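Per-entry structural report
Listed below are the residues making up each chain.
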Amino acid sequence: MRILITPRSMTAAGLENLRELDPLRERGHELVSGPAGRLPTEEELLELVPGVDAWLAGVEVISARVLARAPRLRVISRNGVGADAVDVAAAEKHGVLVALARGANSRGVAELAILLALAALRGLPEANATMKSGRWQRSMGREMPDITLGIVGFGAIGRCVARLGGALGATLIAHDAYADVEPDSGATSATLGELFARADVISLHSPPLAGGTPLVTAELLATTKRGAVLVNTARSALVDHDAVLAALESGHISAYAVDAFDSEPPALTPLLLHPRVILTPHLGGFTDASTRRATELAVSNLIAALPA
């Protein structure tokens, strides 16, 4: 069978150099690479998908138009935990299974969330910029044992954030609209409103709401402690961007750290250009261990879905 491979981390390395793909080669499957080291455009996908039986996909948008050009396609196996970029309804209509690499990048994303929180609490971006400009300027930082860390979404990533934050001494509170916060996790369960009112650092690990409605609104931000830090390594659509910008400009929140964008690379909006916004280029799961686990799980999902 022909299997399309499009994640940037894989195409940049060269498919022939990835031992994690050996199980597919050993079964006699033909591997077809997307453009090297970048997201394929829709037009490129329209050229690539005819004749493809399976697809190991990254974060590229997989539209109904693309799916309609792939009559042989049986399965899309993502090397990540979300299916936001896939038109799931169109996939279901065409009988295409969508499989996810659940949990593969949890540690990488959780570590980045803690790193971003610490960077904001200690003013690291500003300190770096002032030192490089020849100035000596310090701001008073805060230590984790003095912090209440609010975790929105308590799946695999949120629980890992709790373990790391708890190990650093933070007080943990968590909210999950779809699951219970386990008593032995070290976190106290809270409503969303309670979490925003009590937390010094708020870390988002929730799926987007139906219809694209923001979870973090102006009304919710108005309830936060003055000087709270907001960290978003989950989805850009979780926040009302205008409301976050207004909260930064008023000083109501002291920093917004974000690793998730509507498009990659993102347009540099007034929010993203704000001096107290910390930007990282979708680094959460971009570690050697996370990409290896994600590739291995995505390959396993493909093998399970295809005939022996």
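The residue count restarts for each chain, going from 1 along the sequence in the order it is written. Given that this is a predicted model, residues contribute local features only at a pLDDT of at least 70 and side-chain atom pairs are listed and counted only at 80 or more, while totals for whole chains, interfaces and linings are drawn from all residues. Hydrogens and water molecules were not included; the side-chain quantities draw on all heavy atoms of the structure.

**A word on the UniProt feature "domain: D-isomer specific 2-hydroxyacid dehydrogenase catalytic" (unreviewed entry) in the chain**
Heads up, the condition is: UniProt positions are given in the numbering used here, feature names are shortened, and annotations may be inferred rather than shown by experiment. Under the DSSP-based scheme used, a helix requires at least four consecutive residues in state H or I and a strand at least two consecutive residues in state E, with every element numbered from the N terminus.
Sites flagged by UniProt as "domain: D-isomer specific 2-hydroxyacid dehydrogenase catalytic" (unreviewed entry) map to residues 39-306. Helix makes up 35% of residues 39-306 and strand 16%, whereas the separation of the span's terminal C-alpha atoms amounts to 25 Å.

**Some points on the sheet that holds strand β12 (residues 277-279)**
For clarity, the threshold we go by: Any two strands with at least two DSSP-identified bridges between them are counted as paired. Orientation is described by axes fitted as lines to C-alpha atoms, over the contacting stretch for helices, and by angles from 0 to 180 degrees between their N-to-C directions.
Spatially, β8-β7-β6-β9-β10-β11-β12 is the arrangement adopted by the 7 strands of the open sheet, whose pairing is parallel. Two strands close off the open sheet at either side, each with one partner strand: β8 (187-189) and β12. In this sheet, neighbouring strand axes are inclined to one another by 20° on average, regardless of whether the strands run parallel or antiparallel. Where strand β6 (residues 148-152) lies against strand β7 (residues 171-175), 5 bridges are found, and the strand directions are parallel.

**Regarding the layout of surface pockets**
Stated precisely, the cut-off is as follows: Think of a 1 Å grid over the protein atoms and nothing else: a 1.4 Å probe that fits but is trapped marks a cavity, an open set flanked by protein within 12 Å on at least five of seven lines marks a pocket, and residues with an atom within 4 Å of a point count as lining. Grid points are joined across faces, edges and corners, and a volume is the space filled by probe spheres set on the points.
Counted as a void, the second largest pocket has a volume near 250 Å³. Ala120, Leu121, Gly123, Glu126 and Ser254 are the residues nearest the centre of the second largest pocket, which is lined by 18 residues in total. Those elements giving two or more residues to the lining of the second largest pocket turn out to be α6 (106-122), α7 (124-132) and β11 (253-258). Per-element accounting of the lining of the second largest pocket gives the leading share, 4 residues, to α6.

**Topic: a nonpolar patch on the surface**
The following threshold applies: Patch membership requires over 30% relative accessible area and the absence of a salt bridge. Like charges are linked within 9 Å, and nonpolar side chains (Val, Leu, Ile, Met, Phe, Trp, Tyr) within 5 Å. Accessibility throughout is a Shrake-Rupley quantity obtained with a 1.4 Å probe, and a residue counts as covered only by protein chains that appear here. A pairing counts as a salt bridge when a side-chain nitrogen of Lys or Arg comes within 4 Å of a carboxyl oxygen of Asp or Glu. The buried label goes to any residue with under 20% of its type's maximum accessible area, the exposed label to any with over 50%, and the partly exposed label to all in between, with areas taken from a 1.4 Å probe on protein chains only.
A cluster of nonpolar residues, Leu268, Leu273 and Leu279, forms a patch on the protein surface that exposes about 290 Å² of accessible area. Here Leu273 is to be found in the loop between β11 and β12. Classification of Leu273 as exposed rests on a relative accessible area of 54%.

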